[in-house]
Amino acid sequence: VYVPSDAKPATPVLDASAVARMFRTRTKSNAVLIIQKALAVEVGLDFSSGPGIPGPRTRKAYAAWQRRLGFRGDDANGIPGYTSLLRLGTKRGFGVVR
């Protein structure tokens, strides 16, 4: 397979509903790893002990991201919603669908 040297890698697209389920059930996935890498830059998440697993550190970091966006109370619960995930993806280079 020939890949031109100037070819851009495909932009990942995450399903917001599926990601929310993964966070609730602590399901390991590549989508969670993408979010963790973005949160590492945005709020300083260290996910080295659980790459791809949405454990307590990841949820706490996501809640910090939600608060940074102005969400409060139950809206800053550490479970990605469409709006906060879209804002993270826009800033960190991945797409989001509902």
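Keep in mind that this is a model prediction, so the values were computed, not measured.

What counts as what
Residues numbered from 1 in each chain as written. Predicted model: local features only at pLDDT ≥ 70, side-chain atom pairs only at ≥ 80, totals over all residues. Heavy atoms only, no water. Helix = DSSP H or I, 4+ residues; strand = E, 2+ residues; numbered from the N terminus. Rg over C-alpha atoms; globule rule 2.2 N^0.38 Å. Phe/Tyr/Trp six-rings, centres within 6.5 Å; stacked < 30°, edge-to-face > 60°. Buried < 20%, exposed > 50% of the residue type's maximum accessible area, 1.4 Å probe, protein only. Lys NZ or Arg CZ within 6 Å of the ring centre and 35° of its normal.

**Thoughts on the overall build of the protein chain**
Then comes step 1: Regarding its fold elements, the protein chain presents four helices and two strands.
Then comes step 2: Of the regular secondary structure in the protein chain, the N- to C-terminal order runs β-α-α-α-α-β.
Then comes step 3: The C-alpha atoms of the protein chain give 14 Å as radius of gyration, which agrees with the globular expectation for 98 residues (13 Å, within 12%).
Then comes step 4: Projecting the C-alpha coordinates of the protein chain onto the three principal axes gives extents of approximately 50 × 25 × 25 Å.

**Overview of the packing of aromatic side chains**
Then comes step 1: According to the stated counting rule, one finds one aromatic pair in the structure shown.
Then comes step 2: For the ring pair Phe23 and Tyr62, a centre distance of 6.0 Å and an interplane angle of 65° mean the geometry is edge-to-face. Remark: Tyr62 occurs in helix α3 (residues 56–68) and Phe23 occurs in helix α1 (residues 16–25); sequence separation between them is 39 residues.
Then comes step 3: Under the relative-accessibility criterion, Phe23 is labelled buried at 0%.
Then comes step 4: What makes Tyr62 buried here is its relative accessible area of 0%.
Then comes step 5: One residue, Arg98, lies across the ring of Tyr82, its end atom 3.9 Å from the ring centre.

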